[in-house]
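An overview of the molecular structure
These are the residues of each chain, in order.
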Amino acid sequence: MFEYLRPRSLATTQEAIEYLELHQAAQEFRLELEHRASLEEYCQWYYQVAAENQRDLEQMRSELNLLRLFNRRPV
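What counts, and at which threshold
Residues numbered from 1 in each chain as written. Predicted model: local features only at pLDDT ≥ 70, side-chain atom pairs only at ≥ 80, totals over all residues. Heavy atoms only, no water. Helix = DSSP H or I, 4+ residues; strand = E, 2+ residues; numbered from the N terminus. Buried < 20%, exposed > 50% of the residue type's maximum accessible area, 1.4 Å probe, protein only. Areas by Shrake-Rupley, 256 points an atom, 1.4 Å probe, with all protein chains shown as cover. Phe/Tyr/Trp six-rings, centres within 6.5 Å; stacked < 30°, edge-to-face > 60°.

Helix and strand counts for the protein stand at two helices and zero strands. By the burial criterion, 0% of the 75 residues in the protein qualify as buried. A total accessible area of about 8200 Å² is found for the protein, and carbon and sulfur atoms account for 58% of it.

Laid out in structure tokens, this is it:
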């Protein structure tokens, strides 16, 4: 019934251990690549948002401060 689960050849214990170690190393490498890619994507997003905020701040600094007109306290 589950013939597809039966191993095609009988591997020694050492070969099985080596296979599992290689598989684990490949998984760790893939996870590291995914982590670095997501970190790079986040950094690009962060720098883009920071640049937009800097532009918005400069634009706000150049605009007229309307609240000062309504504030009657001497400055």
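Next comes the rest of the write-up.
To continue, consider the packing of aromatic side chains. Scanning the model with the defined rule gives three aromatic pairs in all. Here the aromatic rings of Tyr42 and Trp45 are separated by 5.7 Å at their centres, their planes lie at 35°, and the arrangement is tilted. Of this pair, Tyr42 and Trp45 both sit in helix 1 (residues 13–62), three residues apart, which is roughly one turn of that helix. A network of ring pairs unites the aromatic residues Tyr42, Trp45, Tyr46 and Tyr47 as a single cluster.

Such coordinate-based values are descriptive only and should not be taken to indicate function.
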